[in-house]
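Topology and contacts: notes
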Amino acid sequence: PSNTFLFFFGVIVLGLSTALSELHRPEEDRVVELFGNAAKGFVASLALILLAVVGVAGMYSVVMRGSAELAYTRALAQYNKTGEINGPRMQIEKAIAYYGNNATYYRAVVDLENLRIASIAAKEDIKKETVQASIQEAISRGIQYGNKAIDLARADGENWRSLGRLYATVIPLVDGAG
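Here we summarise the structure given alongside this text. (Residues numbered from 1 in each chain as written. Predicted model: local features only at pLDDT ≥ 70, side-chain atom pairs only at ≥ 80, totals over all residues. Heavy atoms only, no water.)

We now examine the nonpolar core. Core analysis: the largest hydrophobic core is formed by 27 residues, its most contacted members being Ile-92, Ile-96, Tyr-105 and Ile-117. Ignoring sequence-local partners within four residues, the contact set of Ile-96 consists of Tyr-105, Tyr-106, Val-109 and Tyr-145. (Core = buried A, V, L, I, M, F, W, Y, C linked by side-chain atoms within 4.5 Å. Buried < 20%, exposed > 50% of the residue type's maximum accessible area, 1.4 Å probe, protein only. Contact = heavy atoms within 4.5 Å.)

What follows is the structure, encoded as structure tokens:
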């Protein structure tokens with residue numbers, strides 16, 4: 001939305017500046033020539049190039065945000081369909097790579113890591129060292145992503161609750177804390 005506004009604002013400013021420059025000419029000489037002399041040609045070319053660059057940057061931003069939202073939606077659908085944790089986490093990390101300024105994506109990774117910790121802790125057929133290493137990795141990643149979500153949206157209580165749920169899951173797993 002803001003990129004569209006900037007584009008139309010630029011077109012209007014260019015049109016108004018052209019109209020004002022033509023207003024001071026006698027009526028019979030009024031012809032719009034953007035490239036009639038060197039100074040006007042330079043300014044007009046610069047304005048058109050600037051508008052093109054802003055338009056391309058805006059399109060890039062819109063496409064990246066859309067790609068991130070698509071990856072996030074696919075992750076949710078995959079988790080809801082299969083209950084798997086790793087595939088959706090990779091999709092959400094892809095969404096973060098496309099557009100990393102959305103705290104919801106980081107919070108989703110924290111929640112998935114929380115589920116991963118609980119599932120690892122519930123398994124009894126794995127060596128204790130492997131369980132401990134996997135849980136430590138999930139805790140580390142969960143805390144890292146939780147802090148990033150909080151940095152992006154400090155006022156959003158869901159980010160704090162998500163990180164709190166992670167800590168609540170971890171406390172019983174720490175010897176002497178339960």
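The relative placement of two aromatic rings is captured by the distance of their centres and the angle of their planes. Applying the stated rule across the entire model yields 2 aromatic pairs. Considering the side-chain rings of Tyr-72 and Tyr-105, the 5.1 Å spacing of their centres and the 40° angle between planes classify their relative orientation as tilted. Taken together, the residues Tyr-72 in helix α2 (residues 38-82) and Tyr-105 in helix α4 (residues 103-122) connect sequence positions 33 residues apart. Both residues of the pair, Tyr-72 and Tyr-105, belong to the buried class. Plain terms: the ring middles of Tyr-106 and Tyr-145 are 5.6 Å apart, the flat faces sit at 40° to each other, and that makes the pair tilted. Here Tyr-145 lies in helix α5 (residues 128-152) and Tyr-106 lies in helix α4, a separation of 39 residues in the sequence. The two residues Tyr-106 and Tyr-145 agree in class, both being buried. (Phe/Tyr/Trp six-rings, centres within 6.5 Å; stacked < 30°, edge-to-face > 60°. Helix = DSSP H or I, 4+ residues; strand = E, 2+ residues; numbered from the N terminus.)

Right, let's talk about the packing of helix α3 (residues 86-98) against α4 for a bit. One way to put it is that α3 packs onto α4 with a least axis distance of 9 Å and a crossing angle of 160°. As judged from the angle between their axes, α3 and α4 are roughly antiparallel. Regarding α3 and α4, the two cross each other, and that crossing is left-handed. Where α3 approaches α4, its residues Asn-86, Pro-88, Arg-89, Ile-92, Ala-95 and Ile-96 are matched on the opposing element by Tyr-105, Tyr-106, Ala-108, Val-109, Leu-112, Glu-113 and Arg-116. (Axes fitted to C-alpha atoms, helices over the stretch in contact; angles between N-to-C directions. Parallel < 35°, antiparallel > 145°, perpendicular 65-115°, else oblique. Left-handed = near helix turned anticlockwise from the far one by under 90°.)

Such coordinate-based values are descriptive only and should not be taken to indicate function.
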